[in-house]
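Topology and contacts: notes
Residues per chain, in single letters:
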Amino acid sequence: MTTTPPADPRIEAVAARLKAASQGRAEAYAPPTDWQPIWKRPRKPKTVKAKKAELAKQRKRLKAAGIRRFYGAQARRPRLRQNRIGSAAARRDARALFRMRHSNAWLW
């Protein structure tokens with residue numbers, strides 16, 4: 001015949017504290033009831049100042065890109081005259097070879 005031991009108030013108090021702590025942890029880690037993913041939340045409208053600052057930043061960025069593009073093209077622009085004259089004959093030869101290769105002259 002088995003008998004249950006009498007209830008010890010100290011053990012009961014420790015068990016109650018553990019139960020309360022585990023419930024607190026479960027509540028802390030559970031997602032909040034009104035939680036929504038960030039892409040579904042309504043957007044907060046920007047202030048006029050923030051909009052203007054963003055546009056100014058964008059203008060500055062685009063202007064810098066335009067300047068870079070302009071000077072990048074300028075760097076390739078001035079070519080040596082001697083080089084141009086020397087390569088003209090080579091270009092002519094290459095053009096003649098290209099025409100021969102891409103013509104149907106070999107069929108004759």
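Report follows, based on the coordinates.

1. A closer look at the overall build of the chain
Counting its secondary structure elements, the chain contains three helices and zero strands. When the helices and strands of the chain are read in sequence order from the N terminus, they spell out α-α-α. Relative to its full complement of 108 residues, the chain shows a buried share of 2%. When the accessible surface of the chain is totalled, it reaches about 11500 Å², and 61% of it is carbon and sulfur.

2. Side note on the pattern of salt bridges
The final tally for this structure, using the stated rule, is two salt bridges. The shortest N-O distance in the salt bridge between aspartate 8 and arginine 10 comes to 3.6 Å. For aspartate 8, a relative accessible area of 26% puts it in the partly exposed group. Under the relative-accessibility criterion, arginine 10 is labelled exposed at 64%.

How each quantity is defined
- Residues numbered from 1 in each chain as written.
- Predicted model: local features only at pLDDT ≥ 70, side-chain atom pairs only at ≥ 80, totals over all residues.
- Heavy atoms only, no water.
- Helix = DSSP H or I, 4+ residues; strand = E, 2+ residues; numbered from the N terminus.
- Buried < 20%, exposed > 50% of the residue type's maximum accessible area, 1.4 Å probe, protein only.
- Areas by Shrake-Rupley, 256 points an atom, 1.4 Å probe, with all protein chains shown as cover.
- Salt bridge = Lys/Arg side-chain N within 4 Å of Asp/Glu carboxyl O.

Treat this as a map of the structure, not an account of what it does.
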